[in-house]
Amino acid sequence: MSKAAIITGGGSGLGKATALRLAEEAVNIAVVDIDEEGGNETVDLVKKEGADAVFIKADVSKVEEVKNYVDKTVEAFGSIDYFFNNAGISGSGEYYLDTEISEIEKIVGINLMGALYGVRYVAEVMLKNGGGSIVNTASSAGVIGQDSVVTYSATKHGIIGLTKSMVAEYAKDGLRVNAIAPGPTETKMVKEFYDNNPKMKENAEAGIPQKRLGTPEEVAELVAFLLTSKAQYINGEVIRIDGGFTNTK
Ligand SMILES: NC(=O)c1ccc[n+]([C@@H]2O[C@H](COP(=O)([O-])OP(=O)(O)OC[C@H]3O[C@@H](n4cnc5c(N)ncnc54)[C@H](O)[C@@H]3O)[C@@H](O)[C@H]2O)c1
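Residues numbered from 1 in each chain as written. Predicted model: local features only at pLDDT ≥ 70, side-chain atom pairs only at ≥ 80, totals over all residues. Heavy atoms only, no water.

**Side note on the environment of Ile56**
Its location among the elements puts Ile56 in strand S3 (residues 53–57). You can call Ile56 buried: its relative accessible area is 5%. Sequence separation of Ile56 and Ile34 is 22 residues, and the distance between their C-alpha atoms is 8.6 Å. Those residues in contact with Ile56, other than ones at most four positions away along the chain, are Ala30, Val31, Val32, Asp33, Asn68, Tyr69, Lys72 and Thr73. (Helix = DSSP H or I, 4+ residues; strand = E, 2+ residues; numbered from the N terminus. Buried < 20%, exposed > 50% of the residue type's maximum accessible area, 1.4 Å probe, protein only. Contact = heavy atoms within 4.5 Å.)

If you want it as structure tokens, here you go:
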């Protein structure tokens, strides 16, 4: 029987590339995003690959909308085998003491609360069905400290805690939970961030041993590997995919 995946933030960047990569493996996909246009575009592309897909509009920071995307996926595909818990935003790049409280709350609401809610309801379904595999999107900023991204970095360190501690509780029941920690990768989020902070792009490239940003397709390859049974005995890991960036810190 075909496997089913939920991808949050599936309308763009890493989520979209992963949807297309999993479609190559005939995985059915629930594309969850706040952006209807981007989400539907991904659905069309997945269907062109021959897999089935549905778009489910949700703001991942709202718990009722998270419950709804979980229920709708089960209605559509009967199970949830894979979960790419990925939706996130970056922030303005201001130093922390110049950051508005509303921005701090927004980043925490989407990046951390959204991820916690997602795992809370998706894992419940997976465990009823004997297990499943989750990949949470952390970041380089989740494994090292960096300026201009204090709140973002706090949420991404939180994602790593969520990943490791879920394994401590539920690996014995068939759940695998891993995290990826990408360095700067060429997606809409990064483009917008660097358009507002051009100096940071130069600094970023200079600081990466491979002297370039990553691509969404490179990240999608890693996520597909971690989600599927090829990575059966990998659990609670944080895999850095950053051209050597954090390795040199
Ligand atoms: N691109 C990078 O360099 C990079 C590096 C490390 C980590 N990340 C992380 O990767 C993840 C994906 O980012 P991306 O680079 O693909 O960005 P992106 O902006 O291309 O895609 C993010 C998607 O998430 C959606 N989204 C935003 N807020 C949402 C909400 N409240 N509810 C539902 N969907 C929402 C957006 O509409 C968008 O489609 C994020 O968690 C980000 O922090 C990205």
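Read on for the rest.
**Brief notes about the site of the ligand**
Close to the ligand lie 29 residues; Ser12, Asp33, Tyr152, Thr185 and Thr187 are nearest. Burial of the ligand by the protein chains amounts to 95% of its free accessible area of 820 Å². Only helix H1 (13–23), helix H5 (150–170) and helix H6 (188–196) provide two or more residues apiece to the shell around the ligand. The element contributing the most residues to the shell around the ligand is H6, with three residues. Here the residues of the shell around the ligand are counted per class, giving 13 nonpolar, eleven polar and five charged. (Near = heavy atom within 4 Å. Areas by Shrake-Rupley, 256 points an atom, 1.4 Å probe, with all protein chains shown as cover. Nonpolar A, V, L, I, M, F, W, Y, C, P; charged D, E, K, R; others polar.)

**Focus on the sheet that holds strand S1 (residues 4–8)**
A sheet is described by the order of its strands in space; here seven strands give the open sequence S3-S2-S1-S4-S5-S6-S7, paired in parallel fashion. What marks the edges here is a single partner per strand, and that holds for S3 and strand S7 (238–241). Pairwise comparison of adjacent strand axes, ignoring direction, gives a mean angle of 15° for this sheet. Pairing between strand S5 (residues 132–137) and strand S6 (residues 175–182): six bridges, direction parallel. Among the inter-strand pairings, Gly132 is bridged to a residue of S6, identified as Leu175. Here H1 sits on the sheet in contact with S1, strand S2 (28–33), strand S4 (82–85), S5 and S6, set at roughly 165° to S1. (Pairing = 2+ DSSP bridges. Axes fitted to C-alpha atoms, helices over the stretch in contact; angles between N-to-C directions.)

**Details of the packing of helix H4 (residues 101–128) against H5**
Contact pair H4 / H5: the axes reach a minimum separation of 9 Å and the direction vectors enclose 15°. By the criterion of interaxial angle, the relationship of H4 to H5 is roughly parallel. Like other packed secondary-structure pairs, H4 and H5 cross with a definite hand, here right-handed. Residue-level contacts link Ile104, Ile107, Val108, Asn111, Leu112, Ala115, Leu116, Val119, Ala123 and Leu127 of H4 to Thr151, Tyr152, Thr155, Lys156, Gly158, Ile159, Leu162, Met166 and Tyr170 of H5. (Parallel < 35°, antiparallel > 145°, perpendicular 65-115°, else oblique. Left-handed = near helix turned anticlockwise from the far one by under 90°.)

**Comments concerning the packing of aromatic side chains**
Throughout the structure, instances matching the rule amount to zero aromatic pairs. For Arg120, the ring lying beneath its charged end belongs to Tyr121, and the centroid distance is 5.0 Å. (Phe/Tyr/Trp six-rings, centres within 6.5 Å; stacked < 30°, edge-to-face > 60°. Lys NZ or Arg CZ within 6 Å of the ring centre and 35° of its normal.)

**Notes on the pairing of S4**
What you see with S4 is no split at all: Tyr82 and Phe84 on one side and Phe83 and Asn85 on the other are buried throughout. With three bridges joining them, S1 and S4 adopt parallel strand pairing. The residue bridging Ile6 from the neighbouring strand is Phe83, located in S4. Crossover connection from S4 via H4 to parallel S5: handedness right-handed. (Right-handed = clockwise from strand over helix to strand, strands pointing away.)

**Looking at the pattern of salt bridges**
Under the criterion given, the structure shown has 14 salt bridges. The residue Glu24 makes a salt bridge to Arg21 at a minimum N-O spacing of 3.5 Å. Exposure remark for Arg21: the relative accessible area of 14% places this residue in the buried category. Ionic pairing is found between Lys201 and Glu205, a salt bridge with its closest N-O pair at 4.0 Å. Here Glu205 and Lys201 lie together in helix H7 (residues 198–207), a separation of four residues that amounts to about one turn. According to the relative accessible area criterion, Lys201 is partly exposed, its value standing at 35%. Among the charged side chains, a network of salt bridges with common partners joins Arg21, Glu24, Glu25, Glu221 and Lys230. (Salt bridge = Lys/Arg side-chain N within 4 Å of Asp/Glu carboxyl O.)

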